[in-house]
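Here are the chains, one letter per residue:
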Amino acid sequence: MSNEKNIKARAVETLDIEGKAVLALKDRIGDEFVKVVNCILACPARVVVTGMGKSGHVGRKIAATLASTGTPAFFLHPAEAFHGDLGMVTENDVVIAISNSGESTEIVNILPIIRRIGATIVAMCGRRESQLGKFCDYFIDISVEREACPLGLAPTASTTATLAMGDAIAMALMSERNFTSQDFAMFHPGGALGRRLLLKVENVMHTGKDNPLIHCGKTVKDALFVMTDKGLGAVSVIDDDGKFVGLITDGIIRRALAKDYKFLDEAVEKSMFTEPLTIAPQQMAAAALSVMEKHKPRPVTVLPVIDDKGIPVGIVHLTDLLRQGVV
């Protein structure tokens, strides 16, 4: 039977140790850190991140974070590098080598080759007097007072500190590059953020023959036929010039039918909304969703899409936005 008290105590102690290790890094953000950031900003090529074992796993994440925030970067496995992958490194690259001890054989072995190639070497290391610490052009101190592992063996606080320092570098670079949410979305087109920030109304609206339109002189019955044919629950009403003058929805028709069916033979302009919510085709799809959700007293499910000439060029339905993952 496990000891609940001991389990909780060990977990809390682990978080305390790792939290202190990360906070201790604040005192190491000095001139050397600024030089590293400026070096990467001036780099005409890529940042190559390398590390072995747990440092390698952390390095992959650091490279991915850099790449997704405006700094071209990739991870290079040091063992594979020694067997041909060093051909990926150029003299214009910045190599970030990660090793807590600074003595990892695979890292130490490739340092002379990287130096010969001409790339700049940044060490993320816990010991400046190590081989890596002595060989590098710039040194970032990631040392920790102790590991969270009760045996003092498994990399825990040290890997957390390394990851945090990598994030600090990436965020500083991101800020200096004036990297925007639009830029971030460009690198994440398949994610939810990309869909919110890149997808426009014109990309999801029903247009052409799928755009339900009816002339204002036609009857409500005619509008009902169009509505049924297009299956969107609404029809944009246009005048003789093809400009948008209103919207008729299935809700209008249902409420009217509850009173009298004779209105079906009346002109649609007598029953339509004359000032419905609309949206422009170049606006973001997320903006359309926001307009729908915030309408009072109840949300709407359809928006006519009106261009700058007042022409209803399409219509967007709530289900179209949800289908595209715009949430």
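Residues numbered from 1 in each chain as written. Predicted model: local features only at pLDDT ≥ 70, side-chain atom pairs only at ≥ 80, totals over all residues. Heavy atoms only, no water.

Here we take up helix 11 (residues 220-230). By the burial criterion, the buried members of helix 11 are Val220, Ala223, Val226 and Met227. Down the axis of helix 11, the buried set is contained in an arc of 115°. They therefore lie on one face. Exposed side of helix 11, more than 90 degrees from the buried face: Phe225, Thr228 and Asp229 are the residues found there. Along its buried surface, helix 11 packs onto strand 6 (213-215), strand 7 (234-238), strand 8 (244-249) and helix 12 (250-257). One or two residues past the end of helix 11 sits glycine 231, with phi positive at roughly 70°. (Buried < 20%, exposed > 50% of the residue type's maximum accessible area, 1.4 Å probe, protein only. Helix = DSSP H or I, 4+ residues; strand = E, 2+ residues; numbered from the N terminus. Arc of directions from axis to C-beta. Contact = heavy atoms within 4.5 Å.)

So, about the pattern of salt bridges. Enumeration according to the criterion identifies 14 salt bridges in this entry. One salt bridge in this structure joins glutamate 4 and lysine 8, with 2.9 Å as the shortest N-O distance. Residue glutamate 4 and its partner lysine 8 are located together in helix 1 (residues 4-24), separated by four residues, close to a single helical turn. Each of the two residues, glutamate 4 as well as lysine 8, counts as exposed. Put simply, arginine 115 and aspartate 137 hold a salt bridge, and the shortest N to O gap is 3.1 Å. Separated by 22 residues along the polypeptide, arginine 115 in helix 5 (residues 105-117) and aspartate 137 in the loop between helix 6 (131-135) and strand 5 (138-141) bring together distant segments of the chain. Look at arginine 115 and you get partly exposed, because its relative accessible area is 32%. A cluster of three or more residues bridged by salt bridges with shared partners is formed by Arg10, Glu13 and Arg146. (Salt bridge = Lys/Arg side-chain N within 4 Å of Asp/Glu carboxyl O.)

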